[in-house]
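Each chain, letter by letter, is given below.
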Amino acid sequence: MFRPLFISCLLISYGGIASSHPEELEVFFQFFFKVYKNGTIEKLDGHGLDVPPSLDSETGVQSKDIVISPETNVSARLYAMKDASSEGGVPLLVYFHGGGFSTGTAAYYAFHQFVSSVVAKGKVVAVSVSYRLAPEHCLPIGYDDSWAAIKWVASHAGGGGTEPWLKERVDFNSVYFLGESAGANIAHNMAMRFGSEKLDGVELKGIVLIHPYFLLKEPTRSLLAVNEDMRNNITKLWPYVCPSTSGLSDPRVNPVADPDLKKLGGKRVLICLAEQDPLMDAGKKYGQALRREGGKVVKKFVSKGKSHVFHLREPNSTEALDLIDRVVSFVNGKSKKTR
């Protein structure tokens, strides 16, 4: 039933990526998905571990789900403090979850827990976007869905729209995009689009990128530090989920090579890296490229001894709580030393 996928998403069997049933597989990306020769897609990495929206009596964070586009099934989970005062408005975070552009939703328990923690600590409002996923829906569909969600959010600026949590509580002059891994890639690309297609009534103050999925033309030292199978899993995912790509010169995955990087929307950028993340060096290069362009306040924070998206697996660790503190301080405009 997934036969159209074979044409649109460039199914290729990559050598060196382990498989428990190699005779049945077309492709296997560890942590993300398998596609079998009969067209069946198997999602991995906790797919289906979703939790309902709720009111957390301990933190006072409430959440609810909103359908943004019935035609495309784009939706979002909204978060706000139950007893927060709306006077003056609070910053708004638009969050894009990770998962290799292919797994997860806003309801996935790890993403839900992370966003809830940020909202509880920062007393902000958040919109967590559920975009359509590869390989059923290859990029740029995920980008387009994310932009549609941003435009829906922007429709509430100036008292428009229908969602009271946005109309009554948000300061639209203080909007931030946030994401980790593939979600950080999306957050960057949405900020690039915002820089070119300004939305009335909305000021993008900045972006927060946690362990961003960026690649360079040549493998970095941090990428070469992992075994070949893992490198293949990381680098070959991009052309698979984005078959229209030009390769590693594509600015959507390699913003360091983007001649228009200076057009990035927002003045402030926080790049959170993990010392043992294969993608760490690419994230560093991104920060250096932004500094060369000028006009941005770029901050970097490194979690020592930690790996890619560790904060989702270890939400109560000292390092994860420190990461949340850095994000909240940045969004609330407080000065906290980064390193």
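What counts and how
Residues numbered from 1 in each chain as written. Predicted model: local features only at pLDDT ≥ 70, side-chain atom pairs only at ≥ 80, totals over all residues. Heavy atoms only, no water. UniProt positions renumbered as here; feature names shortened; annotations may be inferred. Salt bridge = Lys/Arg side-chain N within 4 Å of Asp/Glu carboxyl O. Buried < 20%, exposed > 50% of the residue type's maximum accessible area, 1.4 Å probe, protein only. Helix = DSSP H or I, 4+ residues; strand = E, 2+ residues; numbered from the N terminus. Pairing = 2+ DSSP bridges. Phe/Tyr/Trp six-rings, centres within 6.5 Å; stacked < 30°, edge-to-face > 60°. 1 Å grid on protein atoms, 1.4 Å probe; cavity = no way out; pocket = protein on both sides within 12 Å on 5 of 7 lines; lining within 4 Å. Points joined across faces, edges and corners; volume = space filled by probe spheres on them. Nonpolar A, V, L, I, M, F, W, Y, C, P; charged D, E, K, R; others polar. Contact = heavy atoms within 4.5 Å. Axes fitted to C-alpha atoms, helices over the stretch in contact; angles between N-to-C directions.

- An unreviewed UniProt entry annotates the chain as Alpha/beta hydrolase fold-3 domain-containing protein of Rhododendron simsii.
- According to the UniProt record, the Sequence similarities (unreviewed entry) comment for the chain is "Belongs to the 'GDXG' lipolytic enzyme family."

**What to know about the pattern of salt bridges**
Moving on, step 1. Taken as a whole and judged by the stated rule, the model has 14 salt bridges.
Moving on, step 2. Here the salt bridges share partners, and the residues they tie into one network are Asp 144, Arg 193 and Glu 197.

**Quick notes on the pairing of strand E5 (residues 74–81)**
Moving on, step 1. Burial analysis of E5 places seven of its eight residues in the buried class, the great majority of the element.
Moving on, step 2. Bridge count between strand E4 (residues 61–69) and E5: eight bridges; the pairing is antiparallel. Bridged to Val 61 within E5 is Met 81.
Moving on, step 3. In sequence, E4 turns back onto E5 through a hairpin of four residues, with Asn 73 there showing a positive phi of about 65°.
Moving on, step 4. In this sheet, strand E7 (residues 125–130) lies alongside E5 in antiparallel orientation, the contact comprising five bridges. Looking at E7, one finds that Arg 77 is bridged to Ser 128.

**Observations concerning the packing of aromatic side chains**
Moving on, step 1. For the structure shown, the criterion picks out 15 aromatic pairs.
Moving on, step 2. Between Phe 101 and Tyr 213, the ring centres sit 5.9 Å apart and the planes meet at 80°, which makes this aromatic pair edge-to-face. Of the two residues, Phe 101 sits in the loop between strand E6 (90–96) and helix H2 (109–122) while Tyr 213 sits in the loop between strand E9 (204–210) and helix H6 (221–224), which places them 112 residues apart along the sequence. Each member of the pair, Phe 101 as well as Tyr 213, carries the same accessibility label: buried.
Moving on, step 3. Plain terms: the ring middles of Phe 214 and Tyr 286 are 4.8 Å apart, the flat faces sit at 40° to each other, and that makes the pair tilted. With Phe 214 in the loop between E9 and H6 and Tyr 286 in helix H9 (residues 280–293), the pair connects residues that are 72 residues apart, well separated along the chain.
Moving on, step 4. For Phe 214, a relative accessible area of 1% corresponds to the buried category.

**Focus: the layout of surface pockets**
It is a probe the size of a water molecule, rolled over the atoms, that shows where empty space is left.
Moving on, step 1. What the second largest pocket holds in volume is close to 200 Å³.
Moving on, step 2. Lining the second largest pocket are 15 residues, with Glu 218, Pro 219, Leu 223, Thr 235 and Leu 248 sitting closest to its centre.
Moving on, step 3. Elements with a contribution of two residues or more to the lining of the second largest pocket: H6 and helix H7 (228–235).
Moving on, step 4. Taken together, the residues that form the lining of the second largest pocket break down as ten nonpolar, two polar and three charged.

**Observations regarding H7**
Moving on, step 1. Turning to H7, its buried residues number three or more, namely Asn 232, Asn 233 and Ile 234.
Moving on, step 2. Close packing links the buried residues of H7 with strand E1 (25–29), H6 and helix H8 (237–241).

**Brief notes about the sheet that holds E1**
Moving on, step 1. The three strands lie next to each other as E1-E2-E3, forming an open sheet whose pairing is antiparallel. Two strands lie at the open edges of the sheet, namely E1 and strand E3 (41–43), each paired on one side alone. Between one strand and the next, the sheet's axes are offset by a mean angle of 10°, whatever the strand orientation.
Moving on, step 2. Where strand E2 (residues 33–36) meets E3, three bridges bridge the pair, whose relative direction is antiparallel. Within E3, the position partnered with Lys 34 by the bridge is Glu 42.

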